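Each chain, letter by letter, is given below.
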Amino acid sequence: MKVTQVNVYAKRLAMTAGYNMSSAAVGDPETTVVKILTDTSHVGWGEICPTGPLPQVEHAQSIQADLGLLGPALIGVDPERIGLVHDAMTAIMDGGHGARSAIDIACWDLLGKAHNRRICDLLGGARMDPVSTYHVIPIGTPETSAQLAETLQAEGHTKLQLKSGGRHVDEDIDAIHAVARVTRPGVDLFVDCNRGWTVSETLLVSQACRDLKLVIEQPCATYAECATARKHLHHPLILDESATDLATIARAISSGVADGFGMKLTRIGGISGMRAIRDLCHATNTPTSCDDSWGGDIIAAACVHVGSTFHPHLSRGAWISDPYQAKHYDDLHGPRIVNGTIAVPPGPGLGITIPDGYFGSPIASYA
Ligand SMILES: [Mg+2]
């Protein structure tokens, strides 16, 4: 199989609702979609959709510029030899991990379709189907936060991620206590600050909540600050935004800085990168989520396929933006959250079908 054409599409995703993080809000983000055509009848789809300044450094325009360099380099390459695809991309540019991740996802989609296998099967098989997920509780008052926590648990959710930061730390402490009071046995509570606290604020929160069962996620802006805070915390620490690549993740595990990770597929090289992190985390008994920052059915299916191959005990869940999306690309098999879980799409590759012309005309095409 050879790549004959790479099309790039841009689409603003209509949302039914959004949420606030410590220093940014999600709102109608623009997704970038990659369609790889080949000299066979197979077509592969990839996607990346940053939400803004959090939780990744790239944005739609930078990704589309990167694809302008990477797209031409893919023509004539065998997309089934994904390691060689990455070599071809590395020969063109350093960085650009978002664009490269979207291409990686499209190649896995092609590989699955060419061999009539689901991506999760190519990755070793689904250990969970349906896959557990976690649900965000946006920054709010103690009352609204606790109310949503109760609603989500009644719907079947067993993993809650309470957003925090961007306000006086006492307000965060009150909201954490309110949610912890209603969190049922068997339900995991993660407090995700998205880099919003200083080291001292992190220690104040952990001290004020020391008797509560919770995990603190990415409290501070940098790896160094999180490492400093980690020494004095009463709670486990998870890195997200600071877990930028496999080498950093390996260091965070071996040095005891991180007790787990919130991982974004398109930050670390797509499905191939997440597979490596999965295996490292399995080898070191480190819990990890399998997410992306935002996006439609393509990125959601990629997260669900990889996430299904995690050992359940080490999975913090596969997150998708389904609860906030006004529309699916694939009305039948676009991944959806039901009773706090997500079924793996049944078809080969990503298992989703994009209707002809769904994304309109490409904004760029390389052949
Ligand atoms: Mg996070």
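Residues numbered from 1 in each chain as written. Predicted model: local features only at pLDDT ≥ 70, side-chain atom pairs only at ≥ 80, totals over all residues. Heavy atoms only, no water.

Chemist: Sorry if this is basic, but what is going on with the overall build of the protein here?
Modeler: A count of helical and extended segments in the protein gives 11 helices and 15 strands. Here the protein has a C-alpha radius of gyration of 20 Å; the compact-globule value for 367 residues is 21 Å, and the two agree. Looking at the protein as a whole, 59% of its 367 residues are labelled buried. Taking the contacts inside the protein whose residues are at least 6 apart along the sequence as the reference set, 72% of them involve residues at least 24 apart. For the protein, the exposed surface amounts to about 13700 Å²; the carbon and sulfur share of it is 53%. Considering the protein, the positive charge centre built from 28 side chains and the negative charge centre built from 39 side chains are found 4 Å apart. (Helix = DSSP H or I, 4+ residues; strand = E, 2+ residues; numbered from the N terminus. Rg over C-alpha atoms; globule rule 2.2 N^0.38 Å. Buried < 20%, exposed > 50% of the residue type's maximum accessible area, 1.4 Å probe, protein only. Contact = heavy atoms within 4.5 Å. Areas by Shrake-Rupley, 256 points an atom, 1.4 Å probe, with all protein chains shown as cover. Lys, Arg positive; Asp, Glu negative; His and termini not counted. Charge placed at Lys NZ, Arg CZ, Asp CG, Glu CD.)

Chemist: What is the right way to read the coordination of the magnesium ion from this model?
Modeler: For the magnesium ion, the full set of protein donor atoms is D192 (OD), E217 (OE) and D240 (OD), at a range of 2.1 to 2.4 Å. Coordination of the magnesium ion draws on donor residues from a single chain, spaced D-x24-E-x22-D in sequence. One end of the pair, E217, is in strand β8 (residues 215-217); the other, D240, is in the loop between β9 (237-239) and α9 (246-254), with 23 residues separating them in the sequence. With respect to class, E217 is no different from D240; both count as buried. (Donors = N, O, S within 2.8 Å, 3.2 Å for Na, K, Ca; no water.)

Chemist: How should the layout of surface pockets be read in this particular structure?
Modeler: Left-over empty space is what a probe sized like a water molecule reveals as it rolls over the atoms. Roughly 320 Å³ of internal volume is contained in the largest pocket. In this structure, the largest pocket is lined by 17 residues; those nearest its centre are D188, F190, V215, P287 and R316. The element contributing the most residues to the lining of the largest pocket is strand β7 (residues 188-192), with 3 residues. Tallied by class, the residues present in the lining of the largest pocket amount to 9 nonpolar, 3 polar and 5 charged. There is about 270 Å³ of room inside the second largest pocket. What lines the second largest pocket is a set of 15 residues, among which H97, L246, I268, G269 and G273 lie closest to the centre. For the lining of the second largest pocket, the leading source of residues is helix α10 (residues 270-283), giving 4 residues. Shared between two domains, the lining of the second largest pocket holds at least three residues of each, these being domain 1 (3-116 + 356-366) and domain 2 (122-342). (1 Å grid on protein atoms, 1.4 Å probe; cavity = no way out; pocket = protein on both sides within 12 Å on 5 of 7 lines; lining within 4 Å. Points joined across faces, edges and corners; volume = space filled by probe spheres on them. Nonpolar A, V, L, I, M, F, W, Y, C, P; charged D, E, K, R; others polar. Domains from an automatic or database assignment.)

Chemist: For this particular structure, what's the right way to read the packing of helix α2 (residues 82-90) against helix α3 (residues 97-115)?
Modeler: Axes are the key here: two packed helices are described by the angle between their axes and the distance separating the axes. Viewed as axis vectors pointing N to C, α2 and α3 meet at an angle of 155 degrees, and their least axial separation amounts to 10 Å. Taken together, the axis directions place α2 and α3 in an arrangement best described as roughly antiparallel. Considering the relative orientation of α2 and α3, their crossing is right-handed. Taken together, the residues of α3 that come into contact with α2 (itself represented by I82, V85, H86, M89 and T90) are R100, I103, D104, C107, W108 and L111. Residues of the contact of α2 with α3, tallied by class, amount to 7 nonpolar, 2 polar and 2 charged. (Axes fitted to C-alpha atoms, helices over the stretch in contact; angles between N-to-C directions. Parallel < 35°, antiparallel > 145°, perpendicular 65-115°, else oblique. Left-handed = near helix turned anticlockwise from the far one by under 90°.)

Chemist: Teacher, can you tell me more about the environment of T40 here?
Modeler: For T40, the position within the fold is in the loop between β2 (30-38) and β3 (43-48). Considered as a pair, T40 and T4 are 36 residues apart in the sequence and their alpha carbons are 9.3 Å apart. Here the side chain of T40 touches T38 through a polar contact of 2.9 Å, side chain to side chain. A distance of 2.9 Å separates a polar atom in the side chain of T40 from a polar atom in the side chain of H42. (Polar contact = N/O pair within 3.5 Å; in protein donor to acceptor, adjacent residues only side chain to side chain.)

Chemist: Just checking my understanding: could you explain the domain arrangement of the protein for this structure?
Modeler: The domains assigned to the protein are domain 1 (3-116 + 356-366) and domain 2 (122-342). Taking only C-alpha atoms, the centre of domain 1 and the centre of domain 2 are 24 Å apart. Contacts between the two partners involve 38 residues from domain 1 and, on the opposite side, 41 residues from domain 2. Buried surface at the junction of domain 1 and domain 2, both sides included, amounts to about 3000 Å², of which 64% is carbon and sulfur. On inspection of domain 1 and its partner domain 2, the count reaches 0 salt bridges. For the pair domain 1 and domain 2, the number of links is 14 residue pairs in polar contact (both at pLDDT 80 or more). Among the secondary structure elements, those contributing two or more residues to the side of domain 1 that touches domain 2 are β2, β3, α2 and α3. Looking at which element gives the most residues to the side of domain 1 that touches domain 2, the answer is α3, with 8 residues. Classifying every residue of the side of domain 1 that touches domain 2 gives 22 nonpolar, 13 polar and 3 charged. (Buried area = accessible area lost by both parts, 1.4 Å probe. Salt bridge = Lys/Arg side-chain N within 4 Å of Asp/Glu carboxyl O.)

Chemist: Would you mind showing me how to read the nonpolar core here?
Modeler: Nonpolar side chains in soluble globular proteins generally cluster together in the buried interior. Counting residues in each nonpolar core, the largest one holds 107 residues, and the members touching the most others are I36, I103, L239, F261, L265 and I298. Looking at this core element by element, the count peaks at 9 residues for α3. Counting the residues that make up this core, at least three belong to each of domain 1 (3-116 + 356-366) and domain 2 (122-342). I298 has contacts with V33, W45, G46, E47, I105, Y329, L350, I352, I354 and F359, leaving out every residue within four places of it along the chain. (Core = buried A, V, L, I, M, F, W, Y, C linked by side-chain atoms within 4.5 Å.)

Chemist: Would you take a moment to explain the environment of V57 for this structure?
Modeler: Inspection of the secondary structure assignment puts V57 in the loop between β3 and α1 (60-74). Given the relative accessible area of 80%, V57 is considered exposed. With 41 residues separating them along the chain, V57 and G98 place their C-alpha atoms 9.3 Å apart.

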